[in-house]
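Read off the chains here:
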Amino acid sequence: MKVFGLKICCIQPSLFKTALCNPAKIIKEKEAFWSKLLPDIKMQYGKEYFQKDLLHIAILASILSLTIYWIIRDRHRVKNLNGKHVFITGCDTGLGNSLAKWLDKKGFCVIAACATEKGSQELRSCSSLSLKTVSLNLADSNSIARAVVFVTEQTAGKGLFGLVSNAEGTAPVGPTDWLRIEDFHSVLDVSLLGLIEITLKLLPLLKKAEGRVVNLINAKGLMAFVGGGYSLSKWGMEAFSDTLRIEMQHFGVKVSIVEHDIKAQRSSVERLCDYDISNVIKCMEHALIAKHPRTRYRAGWDAKFFWLFLSYAPSCLSDMLLRITFPAPAESRRPVHGVLINV
């Protein structure tokens with residue numbers, strides 16, 4: 001019909017509550033139609049054919065009911081947030097700093113861990129008097145112990161409602177044979193072992209308040225695509241969070257993971273990055289104030305679709321994409337032109 005100037009469109013609606021989608025009416029009509037069939041036709045199809053159709057309708061109705069239940073359940077919030085203590089690591093700048101200010105405005109008693117005195121002063125200068133700061137070096141067990149004592153004193157027997165782990169160590173990135181064991185320690189001691197240590201020491205306070213743990217993990221940690229301890233630390237935190245969630249549910253402590261990808265990269269990968277950190281803040285806030293926090297939050301479209309897809313894709317496909325992205329050594333037999341990604 002195109003040659004005659006006629007345009008033809010198809011509209012494919014989903015389920016709407018109309019007479020056509022009335023299950024009771026559909027079943028009644030089918031039963032009436034079945035009763036009129038000839039005996040030999042009924043024998044060929046059998047009564048099970050009709051019953052299976054009813055089973056499919058029941059399954060669809062159950063899925064729809066569960067979806068509605070999940071949406072309603074996801075909207076429930078914890079009441080009386082004022083006076084609840086939340087401890088956040090890595091608050092000098094970035095996401096930790098923004099979350100500390102956000103929760104302070106919401107009425108939480110925020111305890112913000114900063115690596116520098118300058119970071120502490122700047123955060124206190126733009127927050128309420130209820131926000132407290134403490135110096136923390138996650139690579140130093142003595143510093144962790146002092147921070148735990150400070151948090152214990154501040155909570156004054158109430159327990160700790162929330163622990164948000166956000167800090168990251170320096171990440172030397174390069175081919176594995178460029179690196180030394182010290183380069184691995186510089187990342188793992190902070191981004192993995194340090195966060196595990198402070199979590200373990202704060203668990204008694206979290207159990208007392210039946211609180212929640214929120215671990216902020218870069219979505220690129222789903223893929224091991226750079227040498228060094230960066231991917232190791234992210235994979236390790238994923239595993240630690242999963243085991244902790246299962247074990248702590250008996251004590252009323254909820255554990256959530258927020259996967260994000262905000263930091264801009266050089267080259268074409270920069271186009272994938274989202275500069276709106278409010279998406280991450282909202283996920284962390286929901287993990288803290290929701291009555292039933294989710295197990296995982298993926299903040300940003302790339303965390304939901306790109307990195308998650310790449311982590312589940314066949315290795316041959318993900319390897320091919322990474323070979324295209326990264327440069328090849330000069331003596332490589334199969335050179336692939338690409339660009340260097342700085343994490």
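Within every chain, residues take consecutive numbers counted from 1 along the sequence as written. In keeping with the model being predicted, local features are shown solely for residues with a pLDDT of at least 70 and side-chain atom pairs are shown and tallied solely at 80 or more, while totals for entire chains, interfaces and linings include all residues. Think of the side-chain values as coming from all heavy atoms in the structure, minus any hydrogens and water.

Under an unreviewed UniProt entry, the protein has the name Retinol dehydrogenase 3 and belongs to Lamprotornis superbus. Quoted verbatim from the Sequence similarities (unreviewed entry) field of the UniProt record, the comment on the protein reads "Belongs to the short-chain dehydrogenases/reductases (SDR) family." UniProt positions are given in the numbering used here, feature names are shortened, and annotations may be inferred rather than shown by experiment.

Participant: Sorry if this is basic, but what is going on with the overall build of the protein here?
Facilitator: Comment: elements are numbered from the N terminus, with helices defined as DSSP H or I runs of at least four residues and strands as E runs of at least two. Along the protein, the regular secondary structure elements total 12 helices and 7 strands. Each residue's exposure class comes from its accessible area (1.4 Å probe, protein chains only) as a fraction of the maximum for that residue type: buried when under 20%, exposed when over 50%, partly exposed otherwise. Looking at the protein as a whole, 40% of its 343 residues are labelled buried. Pairs at least 24 apart in sequence give 65% of the contacts found in the protein among residues at least 6 apart. Only heavy atoms enter the contact rule, under which two residues are in contact if any of them lie within 4.5 Å.

Participant: Looking at this model, I keep getting lost on the state of the cysteines. Mind explaining?
Facilitator: Defined simply, a disulfide is a covalent bond joining two cysteines at their sulfur atoms. Cysteine sulfurs are considered disulfide-paired once they come within 2.5 Å of each other. Using the criterion set out here, one finds 0 disulfides in the structure. Distance from the sulfur of Cys-9, which forms no disulfide, to the nearest cysteine sulfur (Cys-10) is 7.7 Å. A residue is classified by how much of its surface remains accessible, and Cys-9, at 68% relative accessible area, is exposed. Left without a disulfide partner, Cys-114 is nearest to the cysteine sulfur of Cys-91, which lies 5.4 Å away. Given a relative accessible area of 1%, Cys-114 falls into the buried group.

Participant: Sorry, what's going on with the sheet that holds strand β3 (residues 132–135) here?
Facilitator: Hydrogen bonding along the main chain pairs the strands of a sheet, whether they run parallel or antiparallel. Pairing is parallel across the open sheet formed by 7 strands, whose spatial order is β3-β2-β1-β4-β5-β6-β7. The open sheet has two edge strands with one neighbour each: β3 and β7 (296–299). On average, each strand axis in the sheet is inclined to that of its neighbour by 20 degrees, with strand direction left out of account. The criterion for strand pairing is that DSSP finds at least two bridges linking the strands in question. Inspection of the sheet shows strand β6 (residues 254–260) paired to β7 by 4 bridges, in the parallel sense. Across the sheet, Glu-259 pairs through a bridge with Arg-298, a residue of β7. Axis angles are defined between N-to-C directions and span 0 to 180 degrees, where every axis is a line fitted to C-alpha atoms and, for a helix, only to the segment in contact.

Participant: Got a minute to help me understand the packing of helix α8 (residues 193–209) against helix α9 (residues 230–248) in this structure?
Facilitator: For any two helices packed against each other, one specifies the crossing angle of their axes together with the interaxial distance. Contact geometry for α8 and α9: axes closest at 12 Å, N-to-C directions at 20 degrees. Looking at the two axes, α8 sits roughly parallel to α9. Read as a crossing pair, α8 and α9 show a hand that is right-handed. Contact with α8, carried on its side by Leu-195, Ile-196, Thr-199, Leu-200, Leu-203 and Lys-207, involves Met-237, Phe-240, Leu-244 and Met-248 of α9 and no other residues of that element. Throughout this entry, Asp, Glu, Lys and Arg are counted as charged residues, while Ala, Val, Leu, Ile, Met, Phe, Trp, Tyr, Cys and Pro are counted as nonpolar. The remaining residues, Gly among them, count as polar. By residue class, the composition of the contact of α8 with α9 is 8 nonpolar, 1 polar and 1 charged. Any angle that falls under 35 degrees is termed roughly parallel, while one over 145 is termed roughly antiparallel, one within 65 to 115 roughly perpendicular, and all others oblique. Crossings are classed by handedness, with left-handed meaning an anticlockwise turn of the near helix from the far one by less than a right angle and right-handed meaning a clockwise turn.

Participant: Just checking my understanding: could you explain the environment of Ser-256 for this structure?
Facilitator: Topologically, Ser-256 is positioned in strand β6. Between the alpha carbons of Ser-256 and Glu-238 there is a distance of 10.0 Å; along the sequence they are 18 residues apart. The residues contacting Ser-256, other than those within four sequence positions of it, are Val-213, Val-214, Asn-215, Ala-287, Pro-293, Arg-294, Thr-295 and Tyr-297.

Participant: Help me understand the pairing of β3 in this model?
Facilitator: Looking along a regular strand, one sees side chains alternate from face to face of the sheet. Pairing between strand β2 (residues 109–114) and β3: 4 bridges, direction parallel. Bridging from a neighbouring strand, Ala-113 pairs with Val-134 of β3. As a crossover connection, the stretch from β2 through helix α5 (residues 117–125) into β3 is right-handed. Look down the strands so they point away from you; if going from the first strand over the helix to the second traces a clockwise path, that crossover is right-handed.

Participant: Looking at this structure, how should I read helix α4 (residues 94–106)?
Facilitator: Each full turn of the α-helix corresponds to 3.6 residues, which orients residues three or four apart in the same direction. Helix length check: α4, at 13 residues, gives a terminal C-alpha distance of 19 Å against a target of 18 Å (1.5 Å per residue), a fit within 8%. Among the residues of α4, Leu-95, Gly-96, Asn-97, Leu-99, Ala-100, Leu-103 and Asp-104 are the ones counted as buried. Count one or two residues on from α4 and you reach Gly-107, which has phi positive near 105 degrees. By definition here, a helix of n residues has an expected span of 1.5 Å times n minus one.

Participant: Looking at this model, I keep getting lost on unusual backbone geometry. Mind explaining?
Facilitator: With the exception of glycine, most residues fall at negative phi, and the peptide bonds are largely trans. One non-glycine residue with positive phi stands out, namely Asn-80, at about 55 degrees. Here Asn-80 shows up in the loop between α3 (47–74) and β1 (85–88). Using a relative accessible area of 68% as the deciding quantity, one classes Asn-80 as exposed. With a phi close to 50 degrees, Glu-210 is a non-glycine residue in the positive phi region. Here Glu-210 lies in the loop between α8 and β5 (212–218).

Participant: Can you help me understand a nonpolar patch on the surface in this one?
Facilitator: Patch members must show over 30% relative accessible area and no salt bridge, and they are joined within 9 Å when carrying like charges or within 5 Å when they are nonpolar side chains of Val, Leu, Ile, Met, Phe, Trp or Tyr. Note on areas: these come from Shrake-Rupley sampling with a 1.4 Å probe, and a residue is covered only by the protein chains present in the view. Criterion for a salt bridge: a side-chain nitrogen of Lys or Arg within 4 Å of a carboxyl oxygen of Asp or Glu. A cluster of nonpolar side chains, namely Met-1, Val-3, Phe-4, Leu-6 and Ile-8, defines an oily patch on the protein surface of about 620 Å² accessible area. The topology assignment puts Met-1 in the segment before α1 (23–35).

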